[in-house]
Amino acid sequence: MKIGSIELGETPLFLSPMEEVTYKSFRNICKRYGADVVCTEFVSSEALIRDVEKTKQKMRLYPEDRPVAIQVYGSNIDSMVSAAKAAEEFQPDYIDINYGCPMKKIVNKGGGAGMLQDLDKMQKMTAEIVKAVSLPVTAKTRLGWDQDSISIQEVAERLQDVGIQALAIHGRTRKQLYTGEADWSKIAAVKNNPRIHIPIIGNGDINGAEKAKQCLDESGVDGLMIGRGAIGRPWIFNEIKHYLQTGELLPPPTVTEIIQRTREFMQMTLDWKGHERPTILMMRRHFAKSFPGLQDFRPLRIKLLQAAEMDAVQQILDEIIEHYGEVRVDYTNVSLK
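Residue indices follow the written sequence of each chain, beginning from 1 at its first position. Reporting in this predicted model follows two pLDDT cut-offs: at least 70 for local features of residues, and 80 or more for side-chain atom pairs to be given and counted; totals over whole chains, interfaces and linings ignore these cut-offs and use all residues. Side-chain figures throughout are based on the complete set of non-hydrogen atoms in the structure, without hydrogens or water.

(A) Representation of helix H4 (residues 77–88). Helix and strand definitions follow DSSP, with helices as H or I runs of at least four residues and strands as E runs of at least two, each counted in order from the N terminus. Given the number of residues in a helix, its expected span is that number minus one, multiplied by 1.5 Å. Across its 12 residues, H4 extends 16 Å between first and last C-alpha, which sits within 8% of the 16 Å expected from 1.5 Å per residue. Restricting attention to buried positions, one finds in H4 the residues Ile-77, Ser-79, Met-80, Val-81, Ala-83, Ala-84 and Ala-87. On its buried side, H4 packs onto helix H2 (45–49), strand E6 (68–73), strand E7 (94–99) and helix H6 (119–132). Think of a polar contact as two N or O atoms within 3.5 Å of one another; within protein, one of them needs to be a possible hydrogen donor and the other a possible acceptor, and neighboring residues in sequence only count if both atoms come from side chains. Of the residues flanking the start of H4, the one acting as N-cap is Asn-76, its side-chain oxygen 3.0 Å from the backbone nitrogen of Asp-78. Only protein chains enter the accessibility calculation, which uses a 1.4 Å probe; a residue is then buried when its area is under 20% of its type maximum, exposed when over 50%, and partly exposed in between. Residue contacts are counted whenever heavy atoms from the two residues lie within 4.5 Å of one another.

Here you go:
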């Protein structure tokens, strides 16, 4: 698979852009554990043209990120063009347009998946961005606004016609949010559309290696994108890659192994942020997902999520090892909700 001139190999694994998740240290740990391509948190075009410093910080890239995309969203064409030009100055490998985020605060302003209600505007916006930048441009979207308006075939053709170089598709409508199941048959229909020649990346409900293989076999997509399945489990990329290459499942990690990897990630975050408090706050989302299915674990989980100092966090992690260290954590039926 290629995006522009970027060679990505066979069936590359992408880390999906996620707000307040795909920051520097998380991108870095996912790369270490097998992600082929990562993306920044999505960036507001309106905030960017106002020169909001926090927004610009999201776009700061590092050598270990590559290949990496910056994703922008918004509903005003001129603002989006300006944002794409500003993103280009941070020298990502490509620029991605967010036409898929279902969050109400974004959709109500016409951005993200809200653009699925105005395909003419979506096409024009994409064309203007492609013309304005020299980097490859890609997009991420959903199947349609709701079940009565599944528009993904038309969207894919229109966006390809104006120059995008890959399309990622989440197999749900905007109305579904993250409920129900992703429909990979509709992603497969785009991949098998004889008019489509750009790479298609499939996204939705990938929670492990066997599910990834099932989705790949069903759809024939060029790459797979993992989002929520990587939270608290960035090594999911290695698990998937190993299974796709060998047909063998890696053994589930022990609690001790999970905590070793979690401490590695936490140290990366501390080195980046420089202070304990923001590090702990950023790690809590991952702590909440790191130890599924452990018997009688709830009291320790609550303690871990309430710990306010790094020493306390480390002590609780030691306590978890003491109680569960050699237990292997089964992610087979983990919910992504």
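(B) Layout of the pairing of strand E9 (residues 167–170). Of the two faces of E9, the one carrying Leu-167 and Ile-169 and the one carrying Ala-168 and His-170 are both buried. With 4 bridges joining them, strand E8 (residues 137–142) and E9 adopt parallel strand pairing. Along E9, the bridge assignment pairs Arg-142 with His-170. Strands are labelled as partners when DSSP assigns at least two bridges between them. Relative to strand E10 (residues 200–203), E9 runs parallel, the two being bridged by 4 bridges. Each residue of the ladder has a partner; that of His-170, found in E10, is Asn-203.

(C) Representation of unusual backbone geometry in the model. For the peptide bond that leads from Arg-66 to Pro-67, omega is -5°, which places it in the cis range. For Pro-67, the position within the fold is in the loop between helix H3 (53–58) and E6. Positive phi outside glycine occurs at Leu-177, with the angle close to 55°. In this fold, Leu-177 is placed in the loop between E9 and helix H8 (184–191). A residue is classified by how much of its surface remains accessible, and Leu-177, at 36% relative accessible area, is partly exposed.

(D) Highlighting the packing of helix H13 (residues 298–306) against helix H14 (residues 310–324). The interhelical angle for the contact between H13 and H14, taken along N-to-C directions, is 160°, at an axis separation of 9 Å. Taken as axis vectors, H13 and H14 run roughly antiparallel relative to one another. Between H13 and H14 the crossing geometry is left-handed. Contacts from Leu-300, Lys-303 and Leu-304 in H13 reach Val-313, Ile-316, Leu-317, Glu-319, Ile-320, His-323 and Tyr-324 in H14. Classification used: nonpolar for Ala, Val, Leu, Ile, Met, Phe, Trp, Tyr, Cys and Pro, charged for Asp, Glu, Lys and Arg, polar for all others including Gly. For the contact of H13 with H14, the class distribution of residues is 7 nonpolar, 1 polar and 2 charged. Lines fitted to C-alpha atoms define the axes, with helix axes restricted to the stretch in contact, and inter-axis angles between N-to-C directions lie between 0 and 180 degrees. Throughout, the term roughly parallel applies to angles under 35 degrees, roughly antiparallel to angles over 145, roughly perpendicular to angles from 65 to 115, and oblique to all others. With the far helix as reference, a near helix turned anticlockwise by less than a right angle produces a left-handed crossing, and one turned clockwise produces a right-handed crossing.

(E) Just the nonpolar core, in detail. Throughout, nonpolar core names a set of buried Ala, Val, Leu, Ile, Met, Phe, Trp, Tyr and Cys residues whose side chains join them through atoms within 4.5 Å. Counting residues in each nonpolar core, the largest one holds 93 residues, and the members touching the most others are Phe-26 and Ile-320. Ile-3, Leu-8, Cys-39 and Ala-69 belong to the second largest nonpolar core, which has 13 residues in total.

(F) Broad picture of the packing of aromatic side chains. Note on ring pairs: Phe, Tyr and Trp rings are taken, using the six-membered ring of Trp, and paired if centres are within 6.5 Å. Classes follow the plane angle, with under 30 degrees stacked, over 60 edge-to-face and the rest tilted. Summed over all chains, the structure comprises 6 aromatic pairs. Ring centres of Tyr-23 and Trp-272 lie 5.7 Å apart, and the angle between their planes is 25°; this geometry places the pair in the stacked category. One end of the pair, Tyr-23, is in the loop between strand E3 (13–15) and helix H1 (24–32); the other, Trp-272, is in helix H11 (residues 255–273), with 249 residues separating them in the sequence. Accessibility expressed as a relative area gives 4% for Tyr-23, which makes it buried. On the accessibility criterion, Trp-272 (28% relative accessible area) is partly exposed. Both rings, one in Phe-291 and one in Phe-297, keep their centres 5.4 Å apart while their planes meet at 50°; by these two values the pair is tilted. Take Phe-291 and Phe-297: they sit in the same class, and that class is buried.

(G) Spotlight on the state of the cysteines. The disulfide criterion used throughout: a pair of cysteine sulfur atoms within 2.5 Å. Taken as a whole and assessed by the stated rule, the structure comprises 0 disulfides. No disulfide involves Cys-215; its sulfur sits 18 Å from the nearest other cysteine sulfur, which is in Cys-30.

(H) Main features of the pattern of salt bridges. Definition used for salt bridges: Asp or Glu carboxyl oxygen within 4 Å of a side-chain nitrogen of Lys or Arg. In total, this model carries 21 salt bridges according to the counting rule given. One salt bridge connects Arg-172 with Asp-205, and the closest N-O pair in it is separated by 2.6 Å. Remark: Asp-205 occurs in the loop between E10 and helix H9 (209–219) and Arg-172 occurs in the loop between E9 and H8; sequence separation between them is 33 residues. Accessibility assignment for this pair places Arg-172 and Asp-205 in one class, buried. Via salt bridges that share partners, Asp-120, Glu-154 and Arg-158 belong to a single interconnected network.

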